[in-house]
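If you want the building blocks of each chain, they are given just below.
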There are 2 protein chains.
Amino acid sequence: MTVEPIRWKGDALELLDQRELPERTVYLSCRTAQEVADAIRSMVVRGAPAIGCAAAFGVVLGKGSRESYDVLARSRPTAINLFWALERMKKAANLEAEAKAIFEEDLAANRAIGRLGAELIPQGARILTYCNTGALATAGHGTALGVVRSAKAKNVSVIACETRPYLQGARLTAWECVQEGIPCTLVTDNMAGYLMSRGEADLVIVGADRIAANGDVANKIGTYPLAVLARRHALPFYVAAPLSTFDAKIADGSKIPIEERPPEEVTGYRGTRWAPQGISVRNPAFDVTPAELVTAIICEKAVVRDPDRARLQALMSTGV
Amino acid sequence: MTVEPIRWKGDALELLDQRELPERTVYLSCRTAQEVADAIRSMVVRGAPAIGCAAAFGVVLGKGSRESYDVLARSRPTAINLFWALERMKKAANLEAEAKAIFEEDLAANRAIGRLGAELIPQGARILTYCNTGALATAGHGTALGVVRSAKAKNVSVIACETRPYLQGARLTAWECVQEGIPCTLVTDNMAGYLMSRGEADLVIVGADRIAANGDVANKIGTYPLAVLARRHALPFYVAAPLSTFDAKIADGSKIPIEERPPEEVTGYRGTRWAPQGISVRNPAFDVTPAELVTAIICEKAVVRDPDRARLQALMSTGV
C-alpha cells in the first residue's frame, strides 16, 4: 500500500488527517489558504517537507494573495521548509506548476536520500529512529524512514521511539512499518539509552525541521538526547533531510525559533487527562542537536560527514 | 494534607490505589499475602521502599508461612527492598512488630535523607526529578522528592518528567507537588535535554530500586539518559535511597534483574490504544546508571560522593 499524505485535486488540497491515525484513514479537503494553514497548525499534516508541500498548494488555493502568504507563514514557526516553499512560490510565474514541482522534487529528493542513505546502513542493522519521517512526513517515501525503506533488502529492523507528546512514532512510524512489513519494535523515548547500553541498537537516524549554516539540527523534541546517547555508545547518528530543510541564513542552532505547543498535549491524550489539575506544563516541540554530535547529514545531493559551516557552504555553493 | 500510601489495620493492609491517582483517592484492603503480592505486581503500590513495607505486612497477613514468602518474592524482581524486607521478616521473633519497625524505620530514613540531601540543594534551585519518589513511594516523606520537601524553604521548584510508560511523574509526582504547594512544571521525558541545554535546570535528583556494590544504580527506565545528559551539562546527578536499597551481594549493575512489563503500557493508556495492531513492543521497567555518572548517593547515614566499591563498603561496614 502506498501512503498518500497529500493529494492535489486542482481546486482542493486533500490531506490525510494524521491526527486520526492509526485508527482511521480519512482525508480532509482544504479549499482555501486559511484552511491549509489551519490544517498545518492543527497537525492534520506535519513533517517539515510535507508542510512545505502543503503550504505551496495553499498559496495556489489563495491565488497568490498577500493574505494567503501571511496566514500560511504564521501556521508553524520551526520547519524552514514552510518558508522555503513560500519564497519559491513568490517568485513563480505559474503558481500551480510551481507547487506541483515542489511536490515532485520533494518526492525525488526523498528517493535520492534513500539511495545515498541506504549505502550507510549495514546488513541486518537495528535502526533506532524518532518521530515520523516516512511517507506521511513528506511528499512520499520519507527522509530518515525513507532510508530504512530503501535499505529494506538488507534485512534491517526498526526501533521506533513513541515520540511524546504527540506520539508520531507510536501512531505514524509504527503504522507505516506495519503497512510495509518492515520489522519494527515500539519503545518509549526513554528506553533508547537502555537498548544502546545493551548493544541492541546499531545506529540512529532522524529527520530535521531546520539545519543551521553550521550544521546544528532542529528536530522533534527528544532528538538531542538520542544524539548524546549515541555519542556515548559510539553509534552513528545520521540526519536525513532534503536541501529545502537547510537554512543558510541562520548561523547556528541557538537562533532557530522553537515552537511551544499547547499544554494539553502533555497532560493527556485526546480526551483523556492523566495529570492533576493545577500543574504547570512546558511543551517545546523541537530541540537542537549540535553539529558535533552528527555523524553525517544525508541530503539528495550528498552525504556530508562531520557537518560544519565549511562543508555545508561547499554543499550549497555547488548548486542543486 | 499528608499522603498515607500504606495503612496497617491489624488484620488488613490498606493500600492507596496508585493506579487511580490523580483522579480518585481510594484504598484497597488486602487480607492475605497473595492479595498484597497481587497489589505489588499490579502497581496498586509501587516505589522500592513502599514495596518493601507492603511485603513485610504481607508476611504478617500470611502468618509467616513459606507460601507467603514465596508469593511475595515473585511479585516484582528489580527492587531489592522487597527481598531485604522478606529477609528481615524471616529472622524476626514477632512478625507484626518487625513489619511495623520496617515501616517506621523507612519513614525515619526518609526524613534523614531529606535533611542530608537538603544541604546539597542551592537556594532557588530548579530540581529535575523522575518517576515518583515521594510519600507515595515510601512509608512517607519520600526519598528524592523527600529531599525536595525538606528543601522547600529554599524556594526550590520541581521539573517533573512524566515517566513513560506508567506516568508516575505526571500522575503521582505532579499530584504530590500540587497537594503540597511545591512549584512544579510537568514535561515529557524527552524534554530534559532541551531544558538543560537552555540552562533551565540546576540539578537532577532521582531515587533507586537497587544499588549494586560498586555504586551502579538501577532505577526507573529513563534514569540513565538523564544521568548522561546531566554529565554533558555539568549538572549534579544525585541518587537518594535508604540503605535498604543497597545490594552488597551484587557486584555491578549488569547483574541486576530488569523486569519487562506488559506491552499494553507502551501501546496506550488504560483503555485507549494509540499504537497500530501488529506492532512489536519492548517494555523494560528499569535501566542501570553507572556509578561514574552519579555525583553522590544520599542515604540516611551519609552523603557518599563519587560512589564506588570502596566507599560503599566503608558505608556499610560502619553499621546502621
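Residues numbered from 1 in each chain as written. Chains lettered and ligands numbered in written order. Predicted model: local features only at pLDDT ≥ 70, side-chain atom pairs only at ≥ 80, totals over all residues. Heavy atoms only, no water.

Peer 1: Summarise the relation of the copies chain B and chain A; cite the residues concerned and give the values.
Peer 2: Both copies of the chain are related by a screw-like operation: a rotation about an axis and a shift along it. The operation relating chain B to chain A is a screw motion whose rotation component is 180°, with 0.0 Å of axial translation and a residual RMSD of 0.0 Å. The transformation relating the two chain copies, once decomposed into turn and shift, fits a two-fold axis. The residues that chain B uses at the interface reappear at the interface of chain A in 100% of cases, marking a shared surface. (Least-squares fit on C-alpha atoms with pLDDT ≥ 70 in both. Contact = heavy atoms within 4.5 Å.)

Peer 1: Which residues make up helix α7 (residues 168-180) of chain B, and what values do they have?
Peer 2: All names here are of chain B. Between its first and last C-alpha, α7 extends 17 Å over 13 residues, near the 18 Å set by a 1.5 Å rise per residue. Counting buried positions over the 13 residues of α7 gives 10, a clear majority of the element. Looking at α7, one finds that the buried residues are Gln168, Gly169, Ala170, Arg171, Leu172, Thr173, Ala174, Trp175, Glu176 and Cys177. Buried residues in α7 make contact with β4 (126-129), α6 (144-150), β5 (157-161), β6 (184-187), β9 (217-220) and β12 (268-269). Positive phi shows up at Gly181, right after α7, with a value of about 70°. (Helix = DSSP H or I, 4+ residues; strand = E, 2+ residues; numbered from the N terminus. Expected span 1.5 Å × (residues − 1). Buried < 20%, exposed > 50% of the residue type's maximum accessible area, 1.4 Å probe, protein only.)

Peer 1: Tell me about the pattern of salt bridges, and name the residues and values.
Peer 2: Under the defined criterion, the tally for this structure stands at 54 salt bridges over all chains. The closest approach of N and O atoms between Glu265 of chain A and Arg261 of chain A, which form a salt bridge, is 2.9 Å. With respect to burial, Glu265 of chain A and Arg261 of chain A carry one shared label: buried. Across the salt bridge formed by Arg311 of chain B and Asp308 of chain B, the nearest N and O atoms sit 3.2 Å from each other. Given a relative accessible area of 29%, Asp308 of chain B falls into the partly exposed group. Within the structure, one salt-bridge network assembled from shared partners comprises Arg76, Glu259, Arg261 and Glu265 of chain A. (Salt bridge = Lys/Arg side-chain N within 4 Å of Asp/Glu carboxyl O.)

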